[in-house]
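# A look at the structure
The lines below spell out each chain.
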Amino acid sequence: MASHFRSYIWDPVLIVSQIVLMQCIYYSFLGLWLAGVDSLVQSSRSLDQIFSYEALGFATMQGRLSMMAFILNSLTSALGLWFFIRRGKQCLDFTVTVHFFHMIGCWIYNAHFPAALSWWLVNVACMALMAVIGEYLCMRTELRAIPVNSGPKSNL
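Everything numeric here is computed off the predicted structure, so don't read it as measured data. (Residues numbered from 1 in each chain as written. Predicted model: local features only at pLDDT ≥ 70, side-chain atom pairs only at ≥ 80, totals over all residues. Heavy atoms only, no water.)

To continue, consider helix H3 (residues 61-85). Here H3 spans 35 Å end to end across 25 residues, near enough to the 36 Å set by a 1.5 Å rise per residue. Looking one or two places after H3, you find Arg 86, whose phi comes out positive at around 65°. (Helix = DSSP H or I, 4+ residues; strand = E, 2+ residues; numbered from the N terminus. Expected span 1.5 Å × (residues − 1).)

To continue, consider unusual backbone geometry. Positioned with a positive phi, Arg 86 is a non-glycine residue whose angle comes to about 65°. When you line up the elements, Arg 86 lands in the loop between H3 and helix H4 (91-110). Although it is not a glycine, Ala 111 sits at a positive phi angle of roughly 65°. Relative to the assigned elements, Ala 111 resides in the loop between H4 and helix H5 (117-142). A residue is classified by how much of its surface remains accessible, and Ala 111, at 67% relative accessible area, is exposed. (Buried < 20%, exposed > 50% of the residue type's maximum accessible area, 1.4 Å probe, protein only.)

As a working rule, side chains carrying opposite charge can pair if their charged atoms are close by. A complete count under the given rule lists 1 salt bridge for this structure. Glu 142 is the salt-bridge partner of Arg 87, the closest N and O atoms lying 3.7 Å from each other. Taken together, the positions of Arg 87 in the loop between H3 and H4 and Glu 142 in helix H5 put the pair 55 residues apart, joining distant regions of the chain. (Salt bridge = Lys/Arg side-chain N within 4 Å of Asp/Glu carboxyl O.)

We now examine the packing of H3 against H4. At a closest axis distance of 11 Å, the pairing of H3 and H4 adopts a crossing angle of 130°. The pairing of H3 with H4 is recorded here as oblique in orientation. The handedness of the crossing between H3 and H4 is right-handed. Taken together, the residues of H4 that come into contact with H3 (itself represented by Phe 70, Leu 81 and Ile 85) are Cys 91, Phe 94, Thr 95 and His 102. A breakdown of the residues in the contact of H3 with H4 according to their chemical character gives 5 nonpolar, 2 polar and no charged. (Axes fitted to C-alpha atoms, helices over the stretch in contact; angles between N-to-C directions. Parallel < 35°, antiparallel > 145°, perpendicular 65-115°, else oblique. Left-handed = near helix turned anticlockwise from the far one by under 90°. Contact = heavy atoms within 4.5 Å. Nonpolar A, V, L, I, M, F, W, Y, C, P; charged D, E, K, R; others polar.)

The next point concerns helix H1 (residues 12-41). Its 30 residues place the ends of H1 43 Å apart at the C-alpha level, agreeing with the 44 Å of an ideal helix rising 1.5 Å per residue. Buried residues of H1: Gln 18, Met 22, Gln 23, Ile 25, Tyr 26, Leu 30, Leu 34, Val 37 and Asp 38, and no others. Looking at the packing, one finds that the buried side of H1 touches helix H2 (48-51), H3, H4 and H5. Looking one or two places after H1, you find Gln 42, whose phi comes out positive at around 50°.

A separate point is the environment of Arg 64. Turning to its location among the elements, Arg 64 is positioned in helix H3. According to the relative accessible area criterion, Arg 64 is partly exposed, its value standing at 40%. When residues no more than four places from it in sequence are discounted, the contact partners of Arg 64 are Gly 57, Phe 58 and Ala 59.

To continue, consider a nonpolar patch on the surface. Where nonpolar side chains cluster on the molecular surface, the patch consists of Leu 21, Leu 79, Phe 83 and Phe 84 and spans about 350 Å² of accessible area. Tallying contributions element by element places H3 first for the nonpolar patch, with 3 residues. For Leu 79, the position within the fold is in helix H3. Looking at Leu 79, the relative accessible area reads 35%, which means it is partly exposed. (Patch = residues over 30% accessible without salt bridge, like charges linked within 9 Å, V, L, I, M, F, W, Y side chains within 5 Å. Areas by Shrake-Rupley, 256 points an atom, 1.4 Å probe, with all protein chains shown as cover.)

This part takes up the UniProt feature "transmembrane region" (unreviewed entry) in the protein chain. The positions that UniProt labels "transmembrane region" (unreviewed entry) are, in the present scheme, residues 12-35, 65-85, 92-111 and 117-138. Annotated as 100% helix and 0% strand, the span residues 12-35 places its first and last C-alpha atoms 34 Å apart. (UniProt positions renumbered as here; feature names shortened; annotations may be inferred.)

This brings us to the nonpolar core. Among the nonpolar cores identified, the biggest contains 26 residues, and Met 22, Leu 30, Leu 56, Phe 70, Leu 81, Trp 119 and Val 122 are the most heavily contacted of them. Secondary-structure elements contributing two or more residues to this core are H1, H2, H3, H4 and H5. Among residues more than four places away in sequence, those in contact with Met 22 are Ser 77, Gly 80, Leu 81, Ile 85, Phe 94, Val 98 and Met 130. (Core = buried A, V, L, I, M, F, W, Y, C linked by side-chain atoms within 4.5 Å.)

Quick look at the structure:
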């Protein structure tokens with residue numbers, strides 16, 4: 001008889017709900033990080049900070065702070081992978097999916113494909129951070145020792 005340890009069952013409802021959950025985590029925490037950054041420099045909040053290509057830039061202080069918020073968001077999103085996805089081999093899949101849908105959202109919001117180099121650099125760096133840290137946390141949890149015998153030992 002084949003072992004059913006960690007068997008993978010195709011569950012599209014679970015996968016879609018995890019994708020929706022990760023998108024919610026991504027945008028919720030990005031909004032919180034951007035609100036924190038905006039409160040530091042007393043600037044106005046706008047959807048441009050999330051979706052506009054020109055908002056992320058090295059030239060202005062607001063652009064650099066927005067980049068910092070995106071980087072910090074990748075760390076909190078990695079925690080979301082650890083809490084809700086819990087599989088190291090699925091972290092890269094969910095990370096790329098979250099950033100792909102973000103790119104589609106940016107494309108729709110700006111009405112043209114992203115062309116800013118700074119936008120691509122920030123998103124690729126965030127993708128790498130989110131995937132690597134999420135996978136590290138999940139693998140640490142997966143590789144934790146499983147106690148086999150928790151009862152008292154007997155002398156035979």
